[in-house]
Amino acid sequence: MQIIQTVFILFLSFFFSIKLAKYFRVNQLKITFVFILKTIICLYYIPIAESLDNDAYGYFNNSLNGDNFGFIGADFIFNIVKFLRVYLNLDIVSISLIFSFFGIIGSIVLAS
């Protein structure tokens with residue numbers, strides 16, 4: 001089931017990346033290249049973050065612990081990850097792809 005969710009999020013984020021590229025009048029080939037590059041980096045970074053206990057993996061592991069309620073800084077990230085884990089039952093790969101999509105949005109806006 002997790003693989004289906006991950007593939008769905010991957011295709012959905014690619015679809016929205018292309019739609020945003022059209023809206024901001026950015027070359028779709030360029031955005032496709034950025035999307036593939038960011039996805040490869042995202043998938044490559046997950047095992048590194050897990051083995052070195054970086055902040056991205058820490059947010060995922062500790063999102064269910066404690067009452068981190070806030071809308072500023074790390075507490076806001078904990079709330080987003082907690083929502084994605086509890087209500088949507090997403091794994092670390094799916095959540096990382098969602099945050100990678102946020103980066104793609106920034107790249108699209110920057111390229112316009």
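The preceding data block contains the structure.
About the cut-offs
- Residues numbered from 1 in each chain as written.
- Predicted model: local features only at pLDDT ≥ 70, side-chain atom pairs only at ≥ 80, totals over all residues.
- Heavy atoms only, no water.
- Phe/Tyr/Trp six-rings, centres within 6.5 Å; stacked < 30°, edge-to-face > 60°.
- Helix = DSSP H or I, 4+ residues; strand = E, 2+ residues; numbered from the N terminus.
- Buried < 20%, exposed > 50% of the residue type's maximum accessible area, 1.4 Å probe, protein only.
- Expected span 1.5 Å × (residues − 1).
- Contact = heavy atoms within 4.5 Å.
- Core = buried A, V, L, I, M, F, W, Y, C linked by side-chain atoms within 4.5 Å.
- Patch = residues over 30% accessible without salt bridge, like charges linked within 9 Å, V, L, I, M, F, W, Y side chains within 5 Å.
- Areas by Shrake-Rupley, 256 points an atom, 1.4 Å probe, with all protein chains shown as cover.
- Salt bridge = Lys/Arg side-chain N within 4 Å of Asp/Glu carboxyl O.

> Where do I start with the packing of aromatic side chains in this structure?
One pass over the full model with this rule turns up five aromatic pairs. With 5.6 Å between their ring centres and 80° between their planes, Phe-99 and Phe-102 make a pair best called edge-to-face. One end of the pair, Phe-99, and the other, Phe-102, are both in helix H5 (residues 92-111), three residues apart, so they sit about a helical turn from each other. Exposure remark for Phe-102: the relative accessible area of 44% places this residue in the partly exposed category.

> What should I look at first to understand helix H1 (residues 2-23) in this one?
Three or four residues apart is the spacing at which side chains of an α-helix point the same way, because the helix has 3.6 residues per turn. The terminal C-alpha atoms of H1 lie 31 Å apart, and with 22 residues this matches the ideal 32 Å at 1.5 Å per residue to within 8%. Where H1 is buried, its residues meet helix H2 (28-52) and H5. In the stretch just after H1, Arg-25 is the one whose phi turns positive, near 55°.

> How do you make sense of the nonpolar core when you look at a structure like this?
General note: in soluble globular proteins, nonpolar side chains tend to be found buried as a group. Ranked by internal contacts, the top residues of the largest apolar core, which has 13 residues, are Phe-60, Leu-90 and Ile-95. Elements represented by at least two residues in this core include exactly H2, helix H3 (55-62), helix H4 (74-86) and H5. The leading source of residues in this core is H5, at four residues. In this structure, Leu-90 is in contact with Gln-2, Gln-5, Ile-9, Phe-60, Leu-84, Arg-85, Ile-95 and Ile-98, ignoring residues within four places of it in sequence. Counting six residues, the second-largest nonpolar core is a separate cluster that includes Ala-21, Val-26, Phe-35 and Ile-108.

> Help me out: how do you make sense of the side chain of Ser-13 in this one?
With respect to the helices and strands, Ser-13 occurs in helix H1. Residues contacting Ser-13, with those up to four places away along its chain left out, are Phe-35 and Phe-101.

> Please explain unusual backbone geometry as it appears in this structure.
If a residue is not glycine, its phi is most likely negative; likewise, a peptide bond is most likely trans. If you check the backbone angles, Arg-25 has positive phi at about 55° while not being a glycine. With respect to the secondary-structure elements, Arg-25 resides in the loop between H1 and H2.

> Hey, could you run me through a nonpolar patch on the surface in this one?
A cluster of nonpolar side chains, namely Leu-64, Phe-83, Val-86, Tyr-87 and Leu-88, defines an oily patch on the protein surface of about 520 Å² accessible area. Its place among the elements puts Tyr-87 in the loop between H4 and H5. Take Tyr-87: its relative accessible area is 63%, and that puts it in the exposed class.

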